[in-house]
Structures are given as C-alpha cells and as structure tokens.
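The lines below spell out each chain.
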Amino acid sequence: MNIKQIIKVLITILLIIFMTLYLTTASNHQEIENKKQYILTEESIKQFEKDLEQGKEIVASNYLKKEKNYNNKISKYALKLSNLIERTYRKGINKLFKKLSNLVEE
C-alpha cells in the first residue's frame, strides 16, 4: 500500500467513527425528548386525577403544555444554514463513498 491508500483508509475509518458517534448522539437526544414528554404526560395525568378527586372544574387546556414559539430571524437563518451544510455534507459523503467503491473494485 502506498501513502495515498493509507491516508484514504484512515480518513474512511475516521469518517465511520464520526458518523457512528453522530448517529448515536442524535438517537440519544430523541430518547431524552421522548422521556421528557412522557414525564410531562405522567404529571398531567396525576394533576388531572387530583383535580377530579377535589371536584374542580376540568378544562383540558390546564393539562396540556403550551409549546413555545422559537421562530425568529436568527433561527430561520440558522435553519437555512443547517440545511445548506446538510446538503453539502450529503454530497461530499456520496462522492466519498463512490470513490471508495471505485477503490474497492480496483
């Protein structure tokens, strides 16, 4: 193996490690968000049952969490930038894998 092939293999290994860590982090973030929603729901149910026992007036909006609106100019530009980075990254990854497949075929 020459130096170029060694570098390509190392870059590939590093890329695989990065993608694995990235996907693991993204998956864990989703699990945390789901757990927060479950806890909120559990708290809402307990509050509903408590209010029911006390004979309070039941209004559904008292037990639903109001979502905050985080839309502003900065978040819109950040989303556009994020989408641009994602498209660029996806194109780069696709090119990289095409080149790797060509190397494997040779």
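Given the structure is predicted, the values throughout are model-derived calculations rather than measurements.

## Thoughts on the overall build of the protein chain
So, point 1. When helices and strands are tallied, the protein chain shows two helices and zero strands.
So, point 2. Among the 106 residues that make up the protein chain, the fraction classed as buried is 7%.
So, point 3. A total of about 10,100 Å² of accessible surface is found on the protein chain, and carbon and sulfur atoms cover 61% of it.

## Topic: the packing of aromatic side chains
So, point 1. A complete count under the given rule lists one aromatic pair for this structure.
So, point 2. Ring centres 6.4 Å apart and planes at 70° place the aromatic pair phenylalanine 18 and tyrosine 89 in the edge-to-face group. One end of the pair, phenylalanine 18, is in helix α1 (residues 3-54); the other, tyrosine 89, is in helix α2 (residues 73-105), with 71 residues separating them in the sequence.
So, point 3. Judged by relative accessible area, phenylalanine 18 falls into the partly exposed class, the value being 43%.
So, point 4. According to the relative accessible area criterion, tyrosine 89 is partly exposed, its value standing at 36%.

## Quick notes on a positive patch on the surface
So, point 1. Taken together, the side chains of Lys4, Lys8, Arg87, Lys91, Lys95, Lys98 and Lys99 make up a positively charged region of the molecular surface.
So, point 2. Elements with a contribution of two residues or more to the positive patch: α1 and α2.
So, point 3. The biggest single contributor to the positive patch is α2, with five residues.
So, point 4. Tracing the backbone through its elements, the reader meets lysine 4 in helix α1.

## Some remarks on the pattern of salt bridges
Pairing of side chains with opposite charge becomes possible as their charged atoms draw close.
So, point 1. This model, assessed by the stated rule, comprises two salt bridges.
So, point 2. The partner of lysine 56 in a salt bridge is aspartate 51, with the nearest N and O atoms 3.8 Å apart.
So, point 3. Here lysine 56 falls in the partly exposed class, since its relative accessible area comes to 46%.
So, point 4. Measuring nitrogen to oxygen at the nearest pair gives 2.6 Å for the salt bridge that ties glutamate 86 to arginine 90. Here arginine 90 and glutamate 86 lie together in helix α2, a separation of four residues that amounts to about one turn.
So, point 5. Taking the relative accessible area as the measure of exposure, arginine 90 reaches 45% and is therefore partly exposed.

## Overview of a negative patch on the surface
So, point 1. A contiguous patch of negative charge, built from Glu42, Glu43, Glu49 and Glu53, is present on the exposed surface.
So, point 2. By secondary structure assignment, the location of glutamate 42 is in helix α1.

## Notes on a nonpolar patch on the surface
So, point 1. On the surface, Ile6, Val9, Leu10, Ile13, Leu14, Ile17 and Leu21 cluster together into a nonpolar patch covering about 630 Å² of accessible area.
So, point 2. Inspection of the secondary structure assignment puts leucine 14 in helix α1.
So, point 3. Given the relative accessible area of 58%, leucine 14 is considered exposed.

## Brief notes about the side chain of threonine 12
So, point 1. Locating threonine 12 in the fold gives a position in helix α1.
So, point 2. A distance of 2.7 Å separates a polar atom in the side chain of threonine 12 from the backbone oxygen of lysine 8.

How each quantity is defined
- Residues numbered from 1 in each chain as written.
- Predicted model: local features only at pLDDT ≥ 70, side-chain atom pairs only at ≥ 80, totals over all residues.
- Heavy atoms only, no water.
- Helix = DSSP H or I, 4+ residues; strand = E, 2+ residues; numbered from the N terminus.
- Buried < 20%, exposed > 50% of the residue type's maximum accessible area, 1.4 Å probe, protein only.
- Areas by Shrake-Rupley, 256 points an atom, 1.4 Å probe, with all protein chains shown as cover.
- Phe/Tyr/Trp six-rings, centres within 6.5 Å; stacked < 30°, edge-to-face > 60°.
- Patch = residues over 30% accessible without salt bridge, like charges linked within 9 Å, V, L, I, M, F, W, Y side chains within 5 Å.
- Salt bridge = Lys/Arg side-chain N within 4 Å of Asp/Glu carboxyl O.
- Lys, Arg positive; Asp, Glu negative; His and termini not counted.
- Charge placed at Lys NZ, Arg CZ, Asp CG, Glu CD.
- Polar contact = N/O pair within 3.5 Å; in protein donor to acceptor, adjacent residues only side chain to side chain.

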